[in-house]
Amino acid sequence: MTTSDIKKKIRIFDTTLRDGEQTPGVTVSPDQKLEIAMKLDELGVDTIEAGFPVVSPGEVEAIRKIMKQGLKAEICGLARTTQNDIDVALKSDLKYIHTFIATSDIHLQYKLKMTREQVLEKAIYAVEYAKKHGLVVEFSAEDATRSDIQFLNKIFKSVAETGADRIDIPDTVGYSTPQYMSRLVSEVADVTGLPVSVHCHNDFGLAVANSIAGFQAGASCAHVTINGLGERAGNAALEELVMACQCLYQIPHNIITEQLYDVSKFVSSAMGIIVQPNKAIIGENAFGHESGIHTHGIINNPLTYEPISPELVGRKRWMQAGKHAGAHGIKAILDEFGITASDLQLKEIVEKQKSIADGGKSITTSDLLSIASEVLKNKKFDENFKLNDFHIVTGLHIIPTAVVKLNIHGKDFIASETGVGPVDSALKAIQTIAHGIANIKIREYKLDSITGGSDALAEVSVKVEDKEGNIISARKSGEDIVVASVQAMIDAINKTMLKKMIQSGEPTK
Ligand code: KIV
Ligand code: ZN
């Protein structure tokens, strides 16, 4: 390795709490912002853009709380190039601002209604004012990639001469190609002599590729969000960019990759935005396998169909029964439950589950175990958790409250919980009882209506994950959504317990 092969560590500027929160319909409370900031800090991000202070008093409160926490990461806040925005940023206790003004003609003409000279003047004024107040200043030329490159260089050079500390190149509407980003970064770094960041949006699905092109051309930092959240198609996804840098380009960074999945889940639930299943790195299916050819390969060597090991990003591989599954995959799933079938029995199990799947149904773990118990005849899978009863109160002016009674190994347990609705409160009460015996998190809850009308048959599917990362799915249907939900949850817990007992070598009776 020569010295030119040794790559400089890049910085990750996380803007989940600012650009990510600009996802339509998303708002988080100051306390939630603080919790997310703490997770990001533990994850190892270098900078947290905590918000846009001038937007609301809640934003100022959130930033103050985050500033007080004394996190390792630098904390930054967004400000337009106005004195008021910078004053509010100062009131939020910020020491570092990200100030921006648009530079493309389309923004100047239709949004700002300003000339290039006026924009230049404002940019210089803001940097001067912020520096006078002792702030670290990162300057962004909004819509940089659609701006006239001469004007762009001029404004960046001027703010650098005025004292800006860092320059950011926003690809505001995701319009850049990797080639163009590379050209912009080299020119801007040359003209300003300052550290350059890139801020790439994903309108054409190129945000990560454009960020990497930026790094290759000398950018030292990328603005990113967890789960690629952000306006329209979002921003470059932190988890995708970091893993691509590490695995494909050997670019060093400070992120503790084993925490990526947990942070992704946390942000998804706090912001109420579900991650698409086929999303790289953190999507539910990123390490899931069904096809017989694939599961066969994976069993022999995971590298056949996985580019990286799931544990590297805090995940666990899982296999799915279904139409495309083959004997190897089904055997591997049954093995995990300590179920041994002869070749003939295995063939029958595979065929039976394929014929159900051919009818358009996905096969849950619980379905597969029922098929196996039917084929193996003598095998009855014990149910540790039995539902005795439950009672729910809900209404317009009442906090939904559930009381659930379960019998576990012959002993009765009772718990009461409130929730956002009857299902939530009932499932929380079950989890409360299960706590300490089967600590599980609900990874997915899906409700489908099988028939029409208010008396429709509803089908509830749940996926739960235990502390060891085992994922178990179960499904129940019935006219009552709450009953079906409770039954599906208990079924999933029972199968989780079964797997746990097998893994710990306990007899399953
Ligand atoms: O995408 C963008 O241009 C921005 C600016 C505020 C930098 O988010
Ligand atoms: Zn943006």
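Residues numbered from 1 in each chain as written. Chains lettered and ligands numbered in written order. Predicted model: local features only at pLDDT ≥ 70, side-chain atom pairs only at ≥ 80, totals over all residues. Heavy atoms only, no water.

The protein is annotated in an unreviewed UniProt entry as 2-isopropylmalate synthase of Candidatus Nitrosocosmicus oleophilus. Entered under Pathway (unreviewed entry) in the UniProt record, the comment concerning the protein runs "Amino-acid biosynthesis; L-leucine biosynthesis; L-leucine from 3-methyl-2-oxobutanoate: step 1/4." Per UniProt, the protein has the following entry under Catalytic activity (unreviewed entry): "3-methyl-2-oxobutanoate + acetyl-CoA + H2O = (2S)-2-isopropylmalate + CoA + H(+)". (UniProt positions renumbered as here; feature names shortened; annotations may be inferred.)

Novice: How should I be thinking about the environment of Tyr110 in this particular structure?
Specialist: Mapped onto the elements, Tyr110 comes out in helix α4 (residues 105–112). By relative accessible area, which is 58% here, Tyr110 ends up exposed. (Helix = DSSP H or I, 4+ residues; strand = E, 2+ residues; numbered from the N terminus. Buried < 20%, exposed > 50% of the residue type's maximum accessible area, 1.4 Å probe, protein only.)

Novice: Just checking my understanding: could you explain the site of ligand 1 for this structure?
Specialist: Taken together, the residues surrounding ligand 1 are Arg18, Asp19, Leu78, His98, Phe100, Ser140, Glu142, Pro170, Thr172, His199 and His201. Within the contact set of ligand 1, an oxygen atom lies 3.1 Å away from a side-chain nitrogen or oxygen of Asp19. Within the side chain of Thr172, an N or O atom sits 2.6 Å from an oxygen atom of ligand 1. When ligand 1 is considered free in solution it has 260 Å² of accessible area, and contact with the protein chains removes 94% of it. (Near = heavy atom within 4 Å. Polar contact = N/O pair within 3.5 Å; in protein donor to acceptor, adjacent residues only side chain to side chain. Areas by Shrake-Rupley, 256 points an atom, 1.4 Å probe, with all protein chains shown as cover.)

Novice: Could you clarify how one ought to interpret the state of the cysteines in this entry?
Specialist: Here a disulfide denotes one covalent bond, and it connects the sulfur atoms of two cysteines. Under the defined criterion, the tally for this structure stands at zero disulfides. Cys76 carries a free sulfur, and the closest cysteine sulfur to it, the one in Cys221, is 9.7 Å from it. Lacking any disulfide linkage, Cys200 is separated from the closest cysteine sulfur, that of Cys221, by 11 Å. Looking at Cys200, the relative accessible area reads 0%, which means it is buried. (Disulfide = S-S within 2.5 Å.)

Novice: Sorry, what's going on with the layout of surface pockets here?
Specialist: Rolled over the atoms, a probe with the dimensions of a water molecule shows which regions are left empty. Computed from the structure, the largest pocket encloses a volume of approximately 1,300 Å³. Empty space within the second largest pocket amounts to approximately 390 Å³. Together, 23 residues line the second largest pocket, and Arg317, Trp318, Met319, Glu336 and Lys499 are the ones closest to its centre. Elements supplying a minimum of two residues to the lining of the second largest pocket: β10 (318–319), α12 (327–336), α14 (365–376), β16 (471–478) and α16 (481–503). (1 Å grid on protein atoms, 1.4 Å probe; cavity = no way out; pocket = protein on both sides within 12 Å on 5 of 7 lines; lining within 4 Å. Points joined across faces, edges and corners; volume = space filled by probe spheres on them.)

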